[in-house]
Structure formats: structure tokens, C-alpha cells
Amino acid sequence: MSALSFSPHLHININRNPKLTPKRRAKPNKIRVSLQTTFPQATFSDPFVLQLAESLEDSLPSSSSSSPQPLPLQKLRDSSSQTLLSTPWPSRKDEPFRFTDTSFIKSSQIQPITRPSSSLDVSTDAQFPSLVLIDGFIQNSALNLSNLPDGVYVGSLLGVSDGIMKRVSDFISEFQCGDLFWSINGMGAPDLGVIYVPAGCKVENPIYLKYLSVESGNVDSKKLPISNPRVVVLVEEGGEVGIIEEFVGKEGNDCYWANSVLEVVIGKGGKVRHSYLQNQSLNAAHIKWTAVRQETASGYELVEVSTGGKLSRHNVHVQQLGPDTETELSSFHLLVSDQTQDLHSWLVLDHPQGYCRQLHKCIVAHSLGQAVFDGNVKVNRYAQQTDAGQLTRSLLLEPRATVNVKPNLQIIADDVKCSHGAAISDLEESQLFYFQARGIDLETARKALVFSFGAEVIEQFPYPSIRNQVVSHVKNLMGTTDVSFS
């Protein structure tokens, strides 16, 4: 039996100060806390998180014997409140946040949003069934669920049948790898969005989830409203569905914090195509978890384009729970301002003949921009005949732009085909010369090369209307409207 671990770590602008060893703290006592219980400060080590937890608790509607909370939601809140009590706010001393500074959030006046906006007209793509969440609240008036097959459910947890309620309850809070922000969402989510696809059902049109942040503050006030949208996707054996997530804010550079979670459970032979678009305000915080569990012979595809947020972090955790399982992750991050874009991913393969591919690309086009990629692929002992590949490529277009990449491939199985690679550069002079030799000026050549770098990911969106929307948005951000795309 052999064990191999490859963890090349490439970065620039390294902090050369010696790393301080944190003082050891006594472990807090484990206690169970319900939503009606005041948090015991004597057993908690982080007053800031305690205060945040209390404000989240106060923002939730009180339940009564006549209108109790649905079991999955209560189960989620109970487990999240327990985890929250023993989890400190992350700092740069913590390895997962070594290059991601969350002090922007901590120094703000965080205010949980207690009620949805009632006077907002939301437009969605009429060709797709859609679910709209405003500041984390599901808008039943904006539902567009025409032409869904029989047995498919899209909407609030409050409207599901007893059978679907039981299935959702079986999976809620079973995921054990979440961090502080996962628990904050679990405690503060006002509702659960549910997408349910019965066995053998293939949903032809993708389901469009639009997350809109309305409540906001400004830079001077330090006000930072927080929303906690959460959606569960449950695809039974042989089912297929496409999911489109789009995160946007109001016009302008408002300050807010969108703290989102998407859980995906794919049954045997099922398939999910996931498109993710993030275009938040450049003064916003955007933290998202995507947790996926795949059964035997299932497939999951993620295509991501992220351009917004002062601080944006996407945590992706995929676990293959059966043989012959396929996973493909493609992401493109674009930084055009003083931004931090962070992708942390974990792919865990535990069974034979698994397949996974990950492509991460980013462009840092601002001198104060910082991109982070920490990708982990773990091939465990019984994952024989696995085929796994990982590639990250980054363009730095400004002298002081920064990127930190850490591809990590851990192999315990001994009969596998695995590879990974990383590259960080500016545009190659030979490529620019090729254009200029054919009469194309330097500025146009640079625009064409920069855009084509991200187009490799953009063209993987499976829906033409979404692909065209992303192309237009990226061109506007990069000032490349005169570059053609086919």
C-alpha cells in the first residue's frame, strides 16, 4: 500500500513575518441550546460570535404550539446553534483563511434581516421555471413553475408533502465538514428552499434560482445587513435536473453580506448540471457553501463565473459515495477592483472507477486585487482505478496583483490515474507578437487574449441565454465589447 501527497503552493507577495503560535485554550463544555435558550457566555470563547448568534436568534420568528417550525428547519437550527458555540471567528492564523482576510465583515455592524422586501418587482428569465429569494426569503408571488413534470416540487419547505418532508429531514444537518459560516447560515436561514425530483424524472428546462440582496448599508455607516438563503436539491434515483444560481444586488455599490448554502443530494444514476453566476456589489461580502453528495453512477457538473463582491468565497465540497461516479468543476474568477476572490474545494473519492476534473482560471486586473485557490482532491484506499485531474491557471495584469494557489492531490489508492498543475503569468509576448505581425494593434490584441482566457470556462455553460448573458457582462467589466465570441 502506498500513500502519496502532492501539495505545490505557489504565491507572490508573501508575508515574511514569522508565524505566531496561538495560545492554547481550554475546550468549551458541550451543551445543547434551543432557540428559546439564552446562550451561556461562561462556556463560550469568542464574544463576537456569541453576539452574532444572539442577534440571529432574535431575528427569527418565534414558534408556537399552533404553528411549530417544520422538523428539518428546527433540526438544522438546533445543530447549527451547538456548532456555533464552539467555533471562533476565523483569522489569518487559521490555515483555511491564511490568505483570506474576513476583518471587513467583523469590523462592520452586522444586522440580520428580519423581514423580506414587499415592494420590489423582480424579473426572471421567463423561459425557465424560477424561484426568487430576496434577502434570503422565498418570494411565493414571484414563482414561475410552469411546465414542470409531475412529482417535481420547487418552493418553500412549508409547502412540501409529508413524503418529501421526510426525505429532506433525512439529509438535513448530516453534513459534518462545514465551517463557521455554514453554521451561521443554518441558524439564521428564515426558510428552506426545496427542489425535489422524483425517481426516473428528467426535467427538461433548468430551474432558475435568483438571489437578490435588497437591504443594504453604505461604506460610511458601517451597516452590513446579513441574509442567509438556503436551498436543498434532492434528486432521486435516475432523475436529472439543471440548476442555475444567480446572485445580484441592487444598482450601485451597496454594503451587505449574502451568506448562502446549497445542498445537493444525487441518487443512483442521477445527474445535476449546476450553473453559478455571482455578480454582487463591489462593496458586498459574499460567502457561499455548495455541498454535494453523489451516489453510485451519478454525475455532477459545476460551471462558475464570479466577478462581484469586495470579499467573495466559495466553498465546494463534493463526496462520491459510490463507484462509477463523475464530477466536473469549472470556475472563472475575474477581479477588476480592490477585491478578494477565494475558491476552496474538496473532492473526496471513496469508491472504485471514480472520475473527476477541475479547471480553475482567474484574472486579476487590479493592483489591489487578490485571488485565492485551495483545491483538494483526496483519493482514498478503496478508490481504485480513479481518473482525477486538476488544473489552475491565473493571469496577473497589474504589477502588484496577487494570487495564491494551492493545488493538493492526496493519493492513498495505488491503481489510479491522477494529475494536477498550476501556472501564474502575464500575457505571453509571443502571443502579442503573433497578433501584431498580422496588423492588429497591441491594445486590441491584449483584449482578445484576456477575454479568450476566461472564455474556456464561459463556453461550458449549457444554456445559450445564460452563456450570452455572462459574455456580455464579462466584456463590459473588461472593456472588451469589440471582441467577438463564438
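Structure's up top.
All figures in this text were calculated on a predicted structure; none of them were measured in a lab.

Quick notes on the rules
Residues numbered from 1 in each chain as written. Predicted model: local features only at pLDDT ≥ 70, side-chain atom pairs only at ≥ 80, totals over all residues. Heavy atoms only, no water. Buried < 20%, exposed > 50% of the residue type's maximum accessible area, 1.4 Å probe, protein only. Helix = DSSP H or I, 4+ residues; strand = E, 2+ residues; numbered from the N terminus. Arc of directions from axis to C-beta. Contact = heavy atoms within 4.5 Å. Salt bridge = Lys/Arg side-chain N within 4 Å of Asp/Glu carboxyl O. Pairing = 2+ DSSP bridges. Phe/Tyr/Trp six-rings, centres within 6.5 Å; stacked < 30°, edge-to-face > 60°. Lys NZ or Arg CZ within 6 Å of the ring centre and 35° of its normal.

**Q** So what exactly am I meant to see when it comes to helix α4 (residues 162-171) here?
**A** Here α4 has its buried residues at I164, V168, S169 and F171. Take α4 and look down its axis: the buried residues cluster within an arc of 165°, on one side only. The exposed set on the far side of α4, more than 90 degrees from its buried face, consists of D162 and K166. Looking at the buried side of α4, the elements it contacts are α2 (71-85), β6 (153-156), β7 (193-197), β10 (230-235), β12 (257-266) and β14 (285-294).

**Q** I tried to follow the pattern of salt bridges on my own but got confused; where do I start?
**A** Where charged atoms from two side chains of opposite charge come close, those side chains can pair. This model, assessed by the stated rule, comprises 15 salt bridges. Notably, a salt bridge pairs R446 with D426, separated by 3.9 Å at the nearest N-O pair. A residue pair is termed long-range when its members are at least 10 positions apart, and R446 in helix α7 (residues 442-458) and D426 in the loop between β23 (416-425) and α6 (429-436) qualify at 20 residues. For R446, a relative accessible area of 28% corresponds to the partly exposed category. With its nearest N and O atoms 3.5 Å apart, the salt bridge here joins E443 to K447. Taken together, the residues E443 and K447, both in helix α7 and four residues apart, mark about one turn of the helix.

**Q** Could you clarify how one ought to interpret the pairing of strand β21 (residues 386-396) in this entry?
**A** Each regular strand carries side chains that alternate between the two faces of the sheet. Summarising burial for β21: eight of the eleven residues are buried, a large majority. Both strand β19 (residues 355-364) and β21 contribute to a ladder of ten bridges, which runs parallel. Opposite K361, over in β21, you have R393 as the bridge partner. The pairing of β21 with β23 spans ten bridges and is parallel. Paired with D387 across the bridge in β23 is K417.

**Q** How should I be thinking about the packing of aromatic side chains in this particular structure?
**A** Two numbers describe a pair of aromatic rings. These are the distance of the centres and the angle of the planes. Across all of its chains, the model carries eleven aromatic pairs by this definition. With centroids separated by 6.3 Å and ring planes inclined at 80°, the aromatic side chains of W89 and W257 adopt a geometry described as edge-to-face. Of the two residues, W89 is situated in the loop between α2 and α3 (103-106) and W257 in strand β12; the sequence distance between them amounts to 168 residues. Seen from their ring centres, W182 and W289 are 5.6 Å apart, and the 80° between their planes marks the pair as edge-to-face. Here W182, found in helix α5 (residues 180-188), pairs with W289, found in strand β14; they are 107 residues apart in sequence, far enough to count as distant. You'll find W182 and W289 in the same group, each marked buried. Three or more aromatic residues link up through ring pairs in this structure, and these residues are F48, W89, F97, F181 and W257. When the ring centre of Y434 is taken as origin, the NZ or CZ atom of R438, which lies over that ring, is 3.7 Å away.

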